[in-house]
Amino acid sequence: MGDLEVHKHVQYIISVEKKKESFEALVMEHLRMNGAYWGLTTLDLLQNITAVDQEEVISWVMSCWDQDSGGFTGTVGHDPHVHYTLSAVQILALFDRLDILDKDKVSSYIARLQNEDGSFSGDIWGEIDTRFSYCAICCLSILHCLDKINVEKAVNYIVSCKNLDGGFGCTAGGESHAGQIFCCVGALSIAGALHHVDRDLLGWWLCERQCKDGGLNGRPEKLADVCYSWWVLSSLVMIDRVHWIDKTKLAMYILSCQDRENGGISDRPDNAVDVFHTYFGVAGLSLMEYPGLKSIDPAFALPVDVVNRIFFKKP
Ligand code: FPP
């Protein structure tokens, strides 16, 4: 099977960052902030964040800050959204530069997105989804500003999206989906409300996501996809049921999705690589304590040393 191609993956991520005119760069332009978070977190997990010019990244991130609303955009000149705002804050946390933020404005932007029933809209256009509850709660926690929202109502809304199978959906009554489960379990974990999760029932649903090839899928009857090495595995870690899957087989599946020539990881063996799957593959291996990688925090989706710095650094 072979090892993780650390050096090739570092080179791949740097090359994607430089190819601003490529097809991939153009179709991904609207979510460049998320792409930057995926790439930079991967580099940090691979212990190679110094491979990028920190000042250049930070000044680009800040050029995506919309002063009027207080939120961040996906790229310069676009509209702000809670997901881009989380990615921007995560990037600044990686570089230990949260001090340059106007925390009051950023947190007020997020607080304004909370609705009467405790749910969150993604932006001013109003779409509601438990993904946005996660983004809001995670981001405000990093900023030490959770008191700006009604956390009890936010938790109650997430709990209203819990299904009979123990999983969670986008909105109340929505089908259980591993990506949404990560968001709901992550948000409940950060809010100190994991007692709302039925760990055995949800653990059973999650461990059944492992397919014969060792990979994980996101819903019953779907094919395995490397990104679920993160969504499923991080949820299993948070509810203390990670020993219910075969970790060796999953690690082998992720390693088999590497492009060993040009770097990067794909969704499944022999497919084209991208930064999203490279991040989730490396993050999954990190959760399984793969040698040579930094440990990642399953709720904040940031390296553990970064999370420790956020919460335990002396002023
Ligand atoms: C699957 O999407 C993933 C989700 C629904 C979760 C998305 C989570 C966020 C936006 C929160 C931020 C995340 C992190 C890591 C900080 P998909 O559209 O690929 O699902 P499909 O496989 O069913 O198409």
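Calculation criteria
- Residues numbered from 1 in each chain as written.
- Predicted model: local features only at pLDDT ≥ 70, side-chain atom pairs only at ≥ 80, totals over all residues.
- Heavy atoms only, no water.
- Near = heavy atom within 4 Å.
- Polar contact = N/O pair within 3.5 Å; in protein donor to acceptor, adjacent residues only side chain to side chain.
- Areas by Shrake-Rupley, 256 points an atom, 1.4 Å probe, with all protein chains shown as cover.
- Axes fitted to C-alpha atoms, helices over the stretch in contact; angles between N-to-C directions.
- Helix = DSSP H or I, 4+ residues; strand = E, 2+ residues; numbered from the N terminus.
- Parallel < 35°, antiparallel > 145°, perpendicular 65-115°, else oblique.
- Left-handed = near helix turned anticlockwise from the far one by under 90°.
- Contact = heavy atoms within 4.5 Å.
- Nonpolar A, V, L, I, M, F, W, Y, C, P; charged D, E, K, R; others polar.
- Buried < 20%, exposed > 50% of the residue type's maximum accessible area, 1.4 Å probe, protein only.
- Arc of directions from axis to C-beta.
- Salt bridge = Lys/Arg side-chain N within 4 Å of Asp/Glu carboxyl O.
- Phe/Tyr/Trp six-rings, centres within 6.5 Å; stacked < 30°, edge-to-face > 60°.
- Lys NZ or Arg CZ within 6 Å of the ring centre and 35° of its normal.
- pLDDT = per-residue confidence, 0-100.
- Disulfide = S-S within 2.5 Å.
- Expected span 1.5 Å × (residues − 1).

Peer 1: It is not clear to me how the site of the ligand should be interpreted in this structure. Could you clarify?
Peer 2: Around the ligand sit 14 residues, and of these His-83, His-177, Gln-180, Arg-219 and Tyr-228 come closest. A distance of 2.8 Å is found between an oxygen atom of the ligand and a side-chain nitrogen or oxygen belonging to His-177. One of the side-chain N or O atoms of Tyr-228 is found 2.5 Å from an oxygen atom in the ligand. Summarising the interface, the protein chains cover 73% of the accessible area of the ligand, which totals 640 Å² for the free molecule.

Peer 1: Just to check I follow, could you spell out the packing of helix H5 (residues 82–94) against helix H6 (residues 103–112) for this structure?
Peer 2: Each pair of packed helices can be summarised by the angle the axes make with each other and by the distance between the axes. Packing of H5 against H6 brings their axes to within 11 Å, and their N-to-C directions diverge by 150°. Here H6 runs roughly antiparallel to H5, going by the angle between their axes. Here the hand of the crossing between H5 and H6 comes out left-handed. When H5 is examined against H6, the residues Val-82, Thr-85 and Val-89 are found in contact with a partner set consisting of Val-106, Tyr-109 and Ile-110. When the residues that make up the contact of H5 with H6 are grouped by side-chain class, the tally is five nonpolar, one polar and no charged.

Peer 1: It is not clear to me how helix H8 (residues 151–160) should be interpreted in this structure. Could you clarify?
Peer 2: The periodicity of an α-helix, 3.6 residues per turn, causes residues three or four places apart in sequence to face the same way. Buried within H8 we find Ala-154, Val-155, Tyr-157 and Ile-158. Seen from one end, H8 has its buried residues packed into an arc of 160°, which puts them on one side. Where H8 is buried, its residues meet helix H7 (130–142) and helix H9 (178–190). One side-chain oxygen at the N-terminal end of H8 lies 3.3 Å from the backbone nitrogen of Glu-152; it belongs to Asn-150.

Peer 1: Before we go on, may I ask you to explain the pattern of salt bridges in this structure?
Peer 2: Where charged atoms from two side chains of opposite charge approach closely, those side chains can pair. In this structure the tally under the stated criterion is 13 salt bridges. The partner of Lys-148 in a salt bridge is Asp-104, with the nearest N and O atoms 2.7 Å apart. Here Lys-148, found in the loop between H7 and H8, pairs with Asp-104, found in helix H6; they are 44 residues apart in sequence, far enough to count as distant. Its relative accessible area of 31% is what places Lys-148 among the partly exposed residues.

Peer 1: Would you explain the packing of aromatic side chains in this entry?
Peer 2: The geometry of an aromatic ring pair is captured by the separation of the ring centres together with the interplanar angle, meaning the angle of the planes. Counted by the stated rule, this structure contains ten aromatic pairs. Measuring from ring centre to ring centre gives 6.5 Å for Trp-65 and Phe-72, while their planes differ by 40°; the resulting arrangement is tilted. In this pair, the class of Trp-65 matches that of Phe-72, namely buried. On the basis of an interplanar angle of 50° and a centroid distance of 5.4 Å, the ring pair of Phe-300 and Phe-311 is categorised as tilted. With Phe-300 in the loop between helix H13 (275–287) and helix H14 (304–312) and Phe-311 in helix H14, this residue pair connects regions lying eleven residues apart in the sequence. Through pairs of rings, three or more aromatic residues link up here, namely Tyr-37, Trp-38, Tyr-134, Phe-182, Trp-230, Trp-231, Phe-276, Tyr-279 and Phe-280. Across the ring face of Trp-205, the terminal group of Arg-209 is positioned such that the distance to the ring centre comes to 4.5 Å.

Peer 1: Is there a simple way to explain the confidence of the model for the chain in this structure?
Peer 2: Reading fine detail from the predicted coordinates is not recommended where pLDDT is low. On average, residues of the chain score 95 in pLDDT, and 96% of them reach the 70 mark or higher. Scoring of the predicted complex yields 0.96 for pTM and 0.91 for ipTM.

Peer 1: So what exactly am I meant to see when it comes to the state of the cysteines here?
Peer 2: Within this structure, the stated rule accounts for zero disulfides. We note that Cys-145 lacks a disulfide partner, and the nearest cysteine sulfur, in Cys-139, lies 9.0 Å from it. For Cys-145, a relative accessible area of 11% puts it in the buried group. Not engaged in a disulfide, the cysteine Cys-227 finds its nearest cysteine sulfur in Cys-257; these two sulfurs lie 11 Å apart. Judged by relative accessible area, which is 5%, Cys-227 ranks as buried.

Peer 1: Please clarify how unusual backbone geometry should be interpreted in this entry.
Peer 2: Leaving glycine out, the prevailing phi sign among residues is negative, and the prevailing peptide bond configuration is trans. Phi is positive for Glu-221, which is not a glycine, with a value near 75°. Residue placement: Glu-221 occurs in the loop between helix H10 (199–207) and helix H11 (228–238). The residue Asp-270 is not glycine, and still its phi comes out positive at about 70°. Among the secondary structure elements, Asp-270 is positioned in the loop between helix H12 (247–256) and H13.

Peer 1: Looking at this structure, I do not really get H13. What am I missing?
Peer 2: Across its 13 residues, H13 extends 18 Å between first and last C-alpha, which sits within 8% of the 18 Å expected from 1.5 Å per residue. Counting buried positions along H13 yields twelve of 13 residues, so the element is predominantly enclosed. Restricting attention to buried positions, one finds in H13 the residues Val-275, His-277, Thr-278, Tyr-279, Phe-280, Gly-281, Val-282, Ala-283, Gly-284, Leu-285, Ser-286 and Leu-287. Packed against the buried residues of H13 are helix H1 (6–18), helix H3 (32–45), H11 and H12. Sitting at the amino-terminal end of H13 is Asp-274, which places a side-chain oxygen 3.1 Å from the backbone nitrogen of Phe-276. Looking at the residues trailing H13, positive phi occurs at Glu-289, about 60°.

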